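Chains, contacts and geometry: an overview
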Amino acid sequence: MNYYSLNQQAPNASFRDAVIKGLAPDKGLYFPESITALPKEFFENIEELSNTEIAFQAIKQFVSPEIPDNVLKTIIDETLSFEFPVVPLNDNISTLELFHGPTMAFKDVGARFMARCLGYFNRDNSNEVTVLVATSGDTGGAVANGFLGVKGVNVVILYPSGKVSDIQEKQLTTLGQNITALEVNGTFDDCQAMVKTAFLDSELTNHMQLTSANSINVARWLPQLFYFMFAYKQLHSKYDNIVFSVPSGNFGNVCAGMIAQQLGLPIKHFIASNNENNVVTRYLQTRLYSPQPSIQTISNAMDVGNPSNFIRIQEIYKNNFESLKDNLSSYSFSDDEAKEAMLEIYDEFNYVADPHGAVGYLGSKSYLKSNPNAHCVFLETAHPTKFLDVVESVIKEKQSLPSQIEAVMDKEKKSVKISLYEDLKRYLLK
Ligand SMILES: *Cc1c(COP(=O)(O)O)cnc(C)c1O
């Protein structure tokens, strides 16, 4: 599959080149040249297929021929070595738990897949790559874990000092080896801006191959379509009007769901559930797209003022506002509303949701008011104990830590403090 740049000013790239570059030379995001739907029977008989087989059929067209089928099967098998259960809350609302991977956030899927693709492309050591990634919380841990020990790949993670949870910080600062954490005196937007500047800085790019492991990278973004299919597999015999509510930040996850829909997954509608960083909610109300500086909230992985993947969503719907609106609703919620929702989910369903999942739940409820026959599946994008302080103070119940999290708690944090872009550049050039 070839990919074109959404800025239209760069040559098309193979999957391999798109993954290694991250962003096109004209700074546009890569988008697949074509999307061929899978046969109807694939979805009708989906419960007969294993998750690996579903994922293989779904992503093959996007990665071949650069990744041969047998290698792709192994990559997928290793990527998906955990569960993706759907838990029903009532007849109208279920949750898809995406937190059973090693860092307990959905980003494990994309990070593990991308790391293995890069590892394959570098199998003869000819493509030394530096992965530069900004994180608002969960990306850093998932990328650090996914890329740990992959040869020929150095990972540099930028995170905003004091704005990620303790557990998230441990997950991205304690691994060592080929992983370095840079602790930025600033916000997530500052981290993301530094990464963007680095990609534009020819003194750096002439010197080293930089790539991104944010969802702008096609190998991080596309595998996220898998679990929409896994949820459908678990639900389609019971419900025929499934709607996904996706707690959204950079909009990579919901955009991947839309690619699953383009592949033929019979999904009626998507809900982008936002915290107070609500540029898309406002866009759908006003047709005005006006990015804002990010606001800090309890669902910090969604504190994004200018979502990088929204342009891909525009491309899917051919920049047609009406057809976008037919497929996407968006709602925005305050921290107080999210906390009330966490309490409600706990009291009514005896289920512990994290702050991001709680926003997804609220999006489901808002949508159901005008669409009472839908079955809404909100994505539980991270395990609640990753946000221990908030969760315990809201539901007033002590949580026990899963083994994945316990394992990092006693390790020693190692980070390099930086404030300015020049600090980042000096670090990369040394
Ligand atoms: C990254 C993240 C999100 C937002 O996902 P996007 O693909 O950036 O929209 C939501 N919840 C959690 C827990 C995350 O880590």
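In this report, we go over the structure that sits alongside the text. These numbers were taken from a predicted model, which means no experiment stands behind them.

Here we take up unusual backbone geometry. A negative phi angle characterises most non-glycine residues, just as the trans form characterises most peptide bonds. Geometrically, the link from Ser64 to Pro65 is a cis peptide bond, its omega value of 5° lying close to zero. Of note, Pro65 is situated in the loop between helix H3 (51-63) and helix H4 (69-79). Although it is not a glycine, Asn319 sits at a positive phi angle of roughly 55°. Mapped onto the elements, Asn319 comes out in the loop between helix H14 (310-316) and helix H15 (321-327).

Strand order in this open sheet of six strands is E4-E5-E13-E10-E11-E12, and the pairing throughout is mixed. At either end of the open sheet lies a strand with only one pairing partner, and these are strand E4 (86-88) and strand E12 (328-332). Here the average twist between neighbouring strands, direction ignored, is 25°. Across three bridges, E4 lies against strand E5 (residues 93-97) in antiparallel orientation. Each residue of the ladder has a partner; that of Val86, found in E5, is Leu96. Across the sheet, helix H13 (residues 279-286) is in contact with strand E11 (269-274) and E12; its angle to E12 comes to roughly 120°.

Before going further, it helps to examine the sheet that holds strand E7 (residues 153-160). Taken in spatial order, the five strands make up an open sheet running E9-E6-E7-E8-E14, and their pairing is parallel. On the outer flanks of this sheet lie strand E9 (210-212) and strand E14 (416-418), each paired with one strand and no other. The average angle at which neighbouring strand axes cross in this sheet is 30°, direction not considered. Of the pairings in the sheet, the one linking strand E8 (residues 179-184) to E14 comprises three bridges and is parallel in character. Bridge pairing in E14 links Val184 to Ile418. Here helix H6 (residues 138-147) sits on the sheet and contacts strand E6 (129-134), E7 and E8; the angle it forms with E7, its principal contact strand, is near 165°.

Reading the values: the criteria
- Residues numbered from 1 in each chain as written.
- Predicted model: local features only at pLDDT ≥ 70, side-chain atom pairs only at ≥ 80, totals over all residues.
- Heavy atoms only, no water.
- Helix = DSSP H or I, 4+ residues; strand = E, 2+ residues; numbered from the N terminus.
- Pairing = 2+ DSSP bridges.
- Axes fitted to C-alpha atoms, helices over the stretch in contact; angles between N-to-C directions.
- Contact = heavy atoms within 4.5 Å.

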